Each structure stands twice: as structure tokens, then as C-alpha cells.
Amino acid sequence: MARYGMLINTKKCIGCYACRVACQRQNNLLPTEDFIRYEEHEVGTYPNVRVETVPLQCMHCEDAPCVAVCPTGAAYIGADGIVGVDHGRCIGCLYCMAACPYQVRVRNEETGAVDKCRFCTVSAETTGTKMCSCVEACLTGARMFGDLDDPNSDVSRIVRERRAGVLLEEQGTRPQVHYYG
């Protein structure tokens, strides 16, 4: 079984929102909902300073705090490592939102249920593409998706070669979204 993950090159990301719009359309999100948000960080030392755009989404943590606190079992980790939400079991208690160190969960205003990035598992199951809409929409090629356990996959190889890091590593959640740039 594959262990899916993503790699984001922060030097290539220009904050154009193409990935976010593609995600919203793919997942039929309300205009006020988004599974991808952006942070900007100043990098470098004057006079060599640049702004780095860091897109944030569910990190699909191996040790997911959102799963640990969910009282109904609506939040779960699948065999492929993707953190999912069973919307039928979600009672909207917001514990998962409070527990997520990345603050990337979203409450649906109409249903009250909490949702998040799914690595486009719905489209992967129906189309067999095993690709995320945010990766396909990225204009600069800043995003990669694939099997982190396959040493020959592009994403796995570049994570190794570039020594890509993860956000909030000290939290011990072991996220599956890696960054470099």
C-alpha cells in the first residue's frame, strides 16, 4: 500500500491561488471555505531579502492530534496514510480544529461538520489518477504528489535529495507534507 505525501517548493510558489481555487472546485466548497491557506515569510538578511509564500493544508500526520481527540471516530487515518473525515459521524464539536497545530481544518457553515484536505482521494478513486487537483493546477510546478514509501517516485527522491523539511517537526506529528526552497 502506498503512503501518500506532498512536496512543496516555496521558492517556486508565487501565491497565485490557482491551487486553492482548483481545490475549492474539486471539493465543491463554499466560497468562504478553503482547504489551502497561505502564509508569507520574510527570508534572508537585508539587503538580500525576499518574501516566501508558504501554502498550508492538512499535513496528513502519521500521529494526527485531530484523530486522537475526535470523540466519535469521525477523524481517522486510512491505510494509505491519508487523514480522513467520516462526515456522517462528525458532530461538529471542533475538538479536531483546536488540536490541529497547523490550523488547517475548516467548519462547513451549512452542515456544521469539520472538513479538510483529502489529497483528492475522491477523484483518485473515481478517475484512477492518484493526483491532487492542487498539483495539477499549480502554474509554476511548485507542488508534487506521490508515494513517499516508493524510493523511485519523484516525490520521495526529491524529499531525500533536497533534504526537504516538515513544519512544526518538534510537535512529533510526523507530517506527510514536506517543504523545501
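Only a predicted model underlies this, so the values are computations on that prediction, with no experimental measurement involved.

Rules behind the numbers
- Throughout this document, residue positions are counted from 1 along each chain, in the order its sequence is written.
- Only residues with pLDDT of at least 70 get local features here, since the model is predicted, and only at 80 or more are side-chain atom pairs given and counted; chain-wide, interface and lining totals rely on the full set of residues.
- Calculation of side-chain values draws on the structure's entire complement of heavy atoms; hydrogens and water are dropped beforehand.
- Helix and strand assignments follow DSSP, with helices taken as H or I runs no shorter than four residues and strands as E runs no shorter than two, numbered in order from the N terminus.
- Each radius of gyration reported is based on C-alpha atoms, and the globular scaling rule is 2.2 Å times the count of residues to the power 0.38.
- Two residues form a contact once any of their heavy atoms are found within 4.5 Å.
- Working definition of accessibility: Shrake-Rupley area with a 1.4 Å probe, residue cover restricted to the visible protein chains.
- Asp and Glu count as negative and Lys and Arg as positive, but His and the ends of the chain are not part of the count.
- A charged residue contributes its charge at one atom only: NZ of Lys, CZ of Arg, CG of Asp or CD of Glu.
- Buried, partly exposed and exposed residues are distinguished by accessible area as a fraction of the type maximum, computed with a 1.4 Å probe on protein chains only: under 20%, between the cut-offs, and over 50%, respectively.
- Here, strands pair whenever DSSP counts at least two bridges between them.
- In this text, buried Ala, Val, Leu, Ile, Met, Phe, Trp, Tyr and Cys residues form a nonpolar core when linked through side-chain atoms within 4.5 Å.
- Any two of the Phe, Tyr and Trp rings considered here, Trp counted by its six-membered ring, make a pair once their centres fall within 6.5 Å; the pair's planes then place it as stacked at under 30 degrees, edge-to-face at over 60, or tilted in between.

A. A look at the overall build of the protein chain. Regarding its fold elements, the protein chain presents six helices and nine strands. Over its C-alpha trace the protein chain gives a radius of gyration of 16 Å, about what one expects of a compact globule, namely 16 Å for 181 residues. Across its three principal axes, the protein chain shows a C-alpha extent of roughly 50 × 35 × 35 Å. Sequence separation of at least 24 residues holds for 57% of the intrachain contacts in the protein chain that already meet a minimum separation of 6. Total accessible area on the protein chain is roughly 9,600 Å²; 49% of this is exposed by carbon and sulfur atoms. For the protein chain, the distance from the average site of its 19 positive side-chain charges to the average site of its 22 negative ones is 3 Å.

B. Representation of the pairing of strand β9 (residues 177–180) within the structure. By the alternation rule, side chains of β9 split into V177 and Y179 and H178 and Y180, which are all buried. Pairing geometry for strand β1 (residues 4–9) and β9, over four bridges, is parallel. When the bridges of β9 are listed, I8 appears paired with Y179.

C. Region of the structure containing unusual backbone geometry. Following Y46, the chain continues into P47 via a peptide bond in cis, with omega recorded as 10°. By the secondary structure assignment, P47 is in the loop between β2 (37–45) and β3 (48–56). Positive phi values are uncommon outside glycine, yet H60 reaches one of about 50°. Within the secondary structure, H60 sits in the loop between β3 and α2 (65–69). Given a relative accessible area of 0%, H60 falls into the buried group. Unlike most non-glycine residues, F119 shows phi in positive territory, near 55°. Within the secondary structure, F119 is located in the loop between β7 (114–115) and α4 (121–127).

D. Local environment of helix α6 (residues 154–161). Buried residues of α6: V155, S156, I158 and V159, and no others. Buried residues in α6 make contact with β1, β8 (143–147) and β9.

E. Structural view of the nonpolar core. Judged by nonpolar contacts, the single largest core of 34 residues is most densely connected at M6, F119 and C132. Elements with a minimum of two residues in this core: β1, α1 (18–26), β3, α5 (133–137) and β9. Of all the elements, β1 adds the most residues to this core, at three residues. Residues in contact with M6, not counting those within four places in the same chain, are Q57, F119, C132, C134, V135, R143, M144, F145, V155, Q176, V177 and H178. Residues L7, L148, V159 and Y180 belong to the second largest nonpolar core, which totals seven residues.

F. Quick look at the packing of aromatic side chains. Summed over the entire model, instances satisfying the criterion amount to three aromatic pairs. Residues Y17 and Y38 carry aromatic rings whose centres are separated by 4.4 Å and whose planes lie at 35° to one another, so their mutual orientation is tilted. Of this pair, Y17 sits in the loop between β1 and α1 while Y38 sits in strand β2, and the two are 21 residues apart along the sequence. The exposure class of Y38 is buried, given its relative accessible area of 16%. For the pair F119 and F145, a centre-to-centre distance of 5.1 Å together with 70° between the ring planes defines the contact as edge-to-face. Of this pair, F119 sits in the loop between β7 and α4 while F145 sits in strand β8, and the two are 26 residues apart along the sequence.

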